[in-house]
Amino acid sequence: MSYLNIKNVSKSFGSKEVLSNINLDIQQGELVCFLGPSGCGKTTLLRIIAGLEQQNSGTLTQAGHDISSLPAIDRDYGIVFQSYALFPNLTVSKNIAFALKSLKLAKSEQKKRIEELLELVGLADHKNKHPNQLSGGQQQRVALARALALNPGLLLLDEPLSALDAKVRQFLRGEIKKLQQRLGVTTIMVTHDQEEALAMADRIVVMNHGCIEQVGTPEDIYQRPISKFVADFIGSINFFDNDQFAIRPEHISLSLSASEKSRAVEVAAVEYLGSFTRFTVKDEHGLYTVDIDSNEASAMAHANTLHMHWLNEHVLNMQGAA
Ligand SMILES: Nc1ncnc2c1ncn2[C@@H]1O[C@H](COP(=O)(O)OP(=O)(O)O)[C@@H](O)[C@H]1O
Ligand SMILES: [Mg+2]
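Conventions we followed
Residues numbered from 1 in each chain as written. Chains lettered and ligands numbered in written order. Predicted model: local features only at pLDDT ≥ 70, side-chain atom pairs only at ≥ 80, totals over all residues. Helix = DSSP H or I, 4+ residues; strand = E, 2+ residues; numbered from the N terminus. Buried ≥ 20, exposed ≤ 12 C-beta atoms within 10 Å, placed from the backbone. Contact = placed C-beta atoms within 7 Å. Axes fitted to C-alpha atoms, helices over the stretch in contact; angles between N-to-C directions. Parallel < 35°, antiparallel > 145°, perpendicular 65-115°, else oblique. Left-handed = near helix turned anticlockwise from the far one by under 90°. Core = buried A, V, L, I, M, F, W, Y, C linked by C-beta atoms within 7 Å. Domains from an automatic or database assignment. Pairing = 2+ DSSP bridges. Near = placed C-beta within 6 Å. Nonpolar A, V, L, I, M, F, W, Y, C, P; charged D, E, K, R; others polar.

Asker: Is there a simple way to think about the overall build of the protein in this case?
Answerer: Of the regular secondary structure elements, the protein holds 9 helices and 18 strands. Along the first, second and third principal axes, the C-alpha atoms of the protein reach 75 × 45 × 35 Å. Counting all 322 residues of the protein, 33% fall into the buried class. A fraction of 63% describes how many contacts in the protein between residues 6 or more apart in sequence connect residues 24 or more apart.

Laid out in structure tokens, this is it:
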């Protein structure tokens, strides 16, 4: 039996349906990412799980209990919003103490629990600071400590890293993943960032226009996309022969001379991106993106015509895909 079961959940705002018939099972201890373009319904689905929004139809079951119409306050989760939503006038300790209020702990016990939580998120030395004295990444850790304060069965994260710069974001995603694994807490993270989802998720739920397009491990989703939308949204992809098949940019090779099955292309643009170089090449059917190891790319960077080829094993068959 799954830890969280979402069954036939639909939601409309006015006459606009934003979630249609969502079905999903999440296992105990999993980290699942809801991934999809802005406006596809990720936050709405998360808020329905939290009881902050009421579905129009469908049921939710958490740890064997029907929570479909349970008020938010009676549900078992901690949540981190994109904006962190810390109290600016309270210290880090007091922000966390606020989350512990319902436990009515003795002062010394509360202090101990706050210290434990700050230790957990690596902020033990910052307990007396106010949020405006912390970096964005540190504020995010406070929000995370607060969400974990009551040992929730479910941790809900809505784009928790999107306000941070790239370096911090990449560091924190590793930290969150480690913490999540250590605690074993079932976690749902909303993101529109495919790289973040690939790096962190046990399973990715790809959403589009209020529907689930595909559910799978990062490898499944990347290597076996079931639709053009998924193939295109997760990573870059080239479609060939009227979309009959597709190939990832890193799976196409280029060479200066033609070979048996190669296709001649004209070089439209060359972009050096550090470890790899991105070629934009074209033929009479369209443009293609090809990523070449920069060590091999330099010899071809000034060519006008190149020959592209690929291995059959890297061809993604898109026939019949939606
Ligand atoms: N409270 C609301 N009232 C009306 N429309 C809303 C409300 N919340 C979200 N929506 C609409 O529902 C759709 C899905 O929104 P949302 O779940 O926030 O998407 P995402 O998190 O994937 O960007 C959007 O078209 C959004 O404008
Ligand atoms: Mg959102």
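Asker: Where do I start with the packing of helix H2 (residues 92-100) against helix H3 (residues 107-120) in this structure?
Answerer: Relative orientation and spacing of two packed helices are given, respectively, by the angle between their axes and the distance between those axes. Put simply, H2 and H3 touch, their axes get as near as 10 Å, and they point 115° apart. Of the possible angle classes, the one that applies to H2 and H3 is roughly perpendicular. At the point where H2 passes H3, the crossing takes the right-handed sense. Contacts between H2 and H3 pair Ser-93, Ile-96, Ala-97 and Leu-100 from the former with Gln-110, Arg-113, Ile-114 and Leu-117 from the latter.

Asker: Could you clarify how one ought to interpret the nonpolar core in this entry?
Answerer: By size, the foremost hydrophobic cluster in this structure holds 71 residues, and its most contacted members are Cys-33, Phe-34, Ala-145, Leu-156 and Val-205. Ranked by residues supplied to this core, first place goes to helix H4 (residues 136-148) with 6 residues. When residues of this core are assigned to domains, at least three map to each of domain 1 (4-228) and domain 2 (239-317). Filtering out sequence-adjacent residues up to four positions away, Leu-156 remains in contact with Leu-46, Ile-49, Ala-50, Tyr-77, Ile-79 and Ile-188.

Asker: In this structure, what is going on with the sheet that holds strand S18 (residues 316-317)? I would like to understand it.
Answerer: Adjacent strands of a sheet pair through backbone hydrogen bonds, lying either parallel or antiparallel. In spatial order, the strands read S11-S12-S18; together these 3 strands make up an open sheet with antiparallel pairing. Either end of the sheet is taken by a strand with one partner, and the two such strands are strand S11 (238-240) and S18. As defined by bridge partners, S11 adjoins strand S12 (residues 245-247) across 3 bridges and the pair is classed as antiparallel. Counterpart to Phe-240 in the pairing with S12 is Phe-245.

Asker: What is the right way to look at the site of ligand 1 in this model?
Answerer: The environment of ligand 1 is made up of Phe-13, Val-18, Gly-36, Ser-38, Gly-39, Cys-40, Gly-41, Lys-42, Thr-43 and Thr-44. When residues of the shell around ligand 1 are assigned to their parent elements, the largest contribution, 3 residues, is made by helix H1 (residues 42-50). In terms of residue class, the shell around ligand 1 is made up of 3 nonpolar, 6 polar and 1 charged.

Asker: What is the right way to read the domain arrangement of the protein from this model?
Answerer: It is common to report an interface's size as the accessible area lost on association of the parts. We note that the domain assignment places domain 1 (4-228) and domain 2 (239-317) within the protein. Averaged C-alpha coordinates put domain 1 and domain 2 at centres separated by 39 Å.

Asker: I keep staring at the environment of Phe-87 and nothing clicks. Help me out?
Answerer: Tracing the backbone shows Phe-87 in the loop between strand S6 (77-80) and H2. In sequence terms Phe-87 and Phe-98 are 11 residues apart; their C-alpha atoms lie 9.5 Å from each other. Every residue in contact with Phe-87, bar those within four places of it in the chain, is listed here: Asn-95 and Phe-98.

Asker: Explanation requested: the pairing of strand S4 (residues 57-62) in the structure shown.
Answerer: Consecutive residues of a regular strand have side chains that alternate between opposite faces of the sheet. By the bridge criterion, 5 bridges tie strand S1 (residues 4-13) to S4 in an arrangement that is antiparallel. When the bridges of S4 are listed, Ile-6 appears paired with Leu-60. Judged from the 2 bridges that link them, S4 and strand S5 (residues 65-66) form a sheet pairing that is antiparallel. Looking at the pairing, Thr-61 lines up with Asp-66 of S5. What sits between S4 and S5 in their antiparallel hairpin is a turn of 2 residues, with Ala-63 showing a positive phi close to 50°.

Asker: Whenever I open this one, H1 confuses me. Can you help?
Answerer: Owing to its 3.6 residues per turn, the α-helix aligns residues three or four sequence positions apart on the same side. Where H1 is concerned, the buried positions are Lys-42, Thr-44, Leu-45, Leu-46, Ile-48 and Ile-49. After H1 finishes, the residue Gly-51 shows a positive phi value of roughly 80°.

Asker: Is there a simple way to think about the sheet that holds strand S2 (residues 16-26) in this case?
Answerer: Spatial strand order, S2-S1-S4-S5: 4 strands in an open sheet with antiparallel pairing. Of all the strands in the sheet, just S2 and S5 have a single pairing partner and so form its edges. Sheet topology places S1 next to S2; 7 bridges connect them, and they run antiparallel. From the neighbouring strand, Ser-12 faces S2, where its bridge partner is Glu-17. Most of the contacts of H1 go to S2, to which it runs at about 60°, and overall it touches S1, S2 and S4.

Asker: Please clarify how the environment of Gln-82 should be interpreted in this entry.
Answerer: Tracing the chain through its elements places Gln-82 in the loop between S6 and H2. C-alpha separation for the pair Gln-82 and Ala-143, spaced 61 residues apart in sequence, amounts to 9.8 Å.

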